[in-house]
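Architecture at a glance
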Amino acid sequence: MLKILGPIATLVFVLVAPLSADAQQPKKVPRVGILVYGNPLGPNPEDSVVQGLRELGWIDGQNFVLVPRYAGGRPERLADLAAELVRSRVDLIVSVGTDVVRVARKATDTIPIVMGASEDPVEIGLVASLARPGGNVTGVTFISSEVSGKRLELLKEAVPGISRVAVLWNPTHVDLDFRELQVAGRALGVEVHSVEVRSPEELDGAFRAVASGRADALVVVPSRLLNLNAKRIADFALERRLPAVSMWSSFAEAGGLMTYGPNIPAMMRRAATHADKILKGARPGDLPVERPTRFDLVINLKTANALGLTIPQSLLLRADRVIQ
């Protein structure tokens, strides 16, 4: 009896052993590429995405591998870096900013791309619709034009006497802000005058145009170009004694009078949620592109005092942050 069972037991072991070995094969650890306009010294909005992933249980070096690529503020490097990420076979690419998302999308139409923030992705052809993006791109859009009229309204509330505003904007940055500002201006009885800026070299000329246009205030439409020159613009506005408003809080921190726009950390956490779902098997084309739900009003009271303005108490009470 033992002689019969011996070969059978050996056969069973041989058949089962490979199955056990297969069952013990380690699971593939996903690789998450992150394409960054800035540099590792930051701070970068992308850092908030990584923090959001950590809060969702994704720990770099444990259950996923982060593959960052930094352009160091040089847009001409983005295409090569995106190609590097594709060649390294990442499972997902996170990118923040319309310019960065566009480069990532040009590099691949198969690897999922999560945008942390963008202009209207339908308007610029990144997705078919917000509800059903299709393709390989999803994430979060700020669609800033929807609140551009609100920024002008807040500026008018802070400085009731304004009747003529200059709008500093980059027409190569696809958005609807200027159109929406014109609509809001008509409703508020404020003349809206366009001052276009396409490069840093055009800023001095734009400043001269604002000064000669006898504007009472300045509206800065957000774009990568103008955001990077926030301090220069805020200094000009203060020198010309122009109340100035924009979207991102960094403009108020640089000395602008006020900002009103989406809360960046909240947007990045939503982007992390999209990445989490994709890493767990969801298709990006099935995940609706989300819009921001939280907007922050930041007022620089130090700038208001320098301009000789008294900000209404009702507006200060509504501010999410007041810079003293």
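In this report, we go over the structure that sits alongside the text. Model, not experiment: these values are computed from the prediction. In every chain, residue numbers begin from 1 and rise along the written sequence. Given that the model is predicted, a residue must reach a pLDDT of at least 70 before its local features are reported, and side-chain atom pairs must reach 80 or more before they are shown or counted; all residues, however, enter totals for whole chains, interfaces and linings. Derived side-chain values reflect all non-hydrogen atoms in the structure, with water molecules and hydrogen atoms excluded from consideration.

1. Examining the sheet that holds strand β12 (residues 321-323)
Paired strands are those between which DSSP finds at least two bridges. The helix and strand labels rest on DSSP assignments: H or I over at least four residues marks a helix, E over at least two residues marks a strand, and numbering proceeds from the N terminus. If you trace the seven strands from one edge of the open sheet to the other, you get β7-β6-β8-β9-β10-β11-β12, paired in mixed fashion. One side of each edge strand has no neighbouring strand; the edge strands of this open sheet are β7 (191-196) and β12. With strand direction ignored, the average angle separating the axes of adjacent strands in the sheet is 20°. To obtain each axis, a line is fitted to C-alpha atoms, and for helices this fit is confined to the stretch in contact; angles are then taken between N-to-C directions over 0 to 180 degrees.

2. Some details on the pairing of strand β11 (residues 295-300)
Most of β11 is tucked away: five of the six residues are buried. Sheet topology places strand β10 (residues 258-262) next to β11; five bridges connect them, and they run antiparallel. In the sheet register, P262 faces β11, and the bridge partner there is F295. Pairing geometry for β11 and β12, over three bridges, is parallel. In the strand pairing of β12, N300 is matched with I323. Exposure is judged per residue with a 1.4 Å probe applied to protein chains only, and the accessible area is read against the type maximum: over 50% gives exposed, under 20% gives buried, and values in between give partly exposed.

3. Let's talk about unusual backbone geometry
If you check the backbone angles, R89 has positive phi at about 60° while not being a glycine. Inspection of the secondary structure assignment puts R89 in the loop between α3 (78-87) and β3 (92-95). Overall, the relative accessible area of 70% leaves R89 in the exposed class.

4. With respect to helix α9 (residues 230-239)
The periodicity of an α-helix, 3.6 residues per turn, causes residues three or four positions apart to be oriented the same way. Of the residues making up α9, those classed as buried are A230, I233, A234, F236 and A237. Taken around the axis of α9, the buried residues stretch over an arc of 160°, which confines them to a single face. The contact criterion used throughout is that any non-hydrogen atoms of two residues lie within 4.5 Å. Against β6 (164-169), α7 (203-212), β8 (217-220), α8 (224-228), β9 (244-246) and α10 (249-253) lie the buried residues of α9. Looking at the residues trailing α9, positive phi occurs at R241, about 55°. Think of it as the arc spanned by the lines of direction from the helix axis to the C-beta atoms.

5. Considerations on the layout of surface pockets
With a 1 Å grid spanning the protein atoms alone, the term cavity applies to any set of points in which a 1.4 Å probe fits but cannot get out, the term pocket to an open set with protein on both sides within 12 Å along at least five of seven lines, and the term lining residue to any residue with an atom within 4 Å of a point. Grid points are joined across faces, edges and corners, and a volume is the space filled by probe spheres set on the points. Taken as a whole, the largest pocket holds about 1200 Å³ of empty space. Lining the largest pocket are 46 residues, and of these P45, R224, N227, W248 and I264 lie nearest its centre. Listing elements by their share of the lining of the largest pocket, those giving two or more residues are α2 (45-55), α4 (98-107), α8, α10, β10, α11 (264-279) and β11. Taken together, the residues that form the lining of the largest pocket break down as 19 nonpolar, 18 polar and nine charged. When residues are grouped by polarity, Ala, Val, Leu, Ile, Met, Phe, Trp, Tyr, Cys and Pro land in nonpolar, Asp, Glu, Lys and Arg in charged, and all others, Gly among them, in polar.

6. Regarding the packing of aromatic side chains
When two rings of Phe, Tyr or Trp (its six-membered ring) have centres within 6.5 Å they constitute a pair, described as stacked for plane angles under 30 degrees, edge-to-face for angles over 60, and tilted for the intermediate range. Applying the stated criterion to the full structure yields five aromatic pairs. Look at W58 and F64: their rings are 6.4 Å apart centre to centre, the planes differ by 90°, and that puts the pair in the edge-to-face class. A relative accessible area of 1% places F64 in the buried class. With centroids separated by 4.2 Å and ring planes inclined at 10°, the aromatic side chains of F207 and F236 adopt a geometry described as stacked. Placement of F207 in helix α7 and of F236 in helix α9 is noted, with a sequence separation of 29 residues between them. The exposure class of F236 is buried, given its relative accessible area of 9%.

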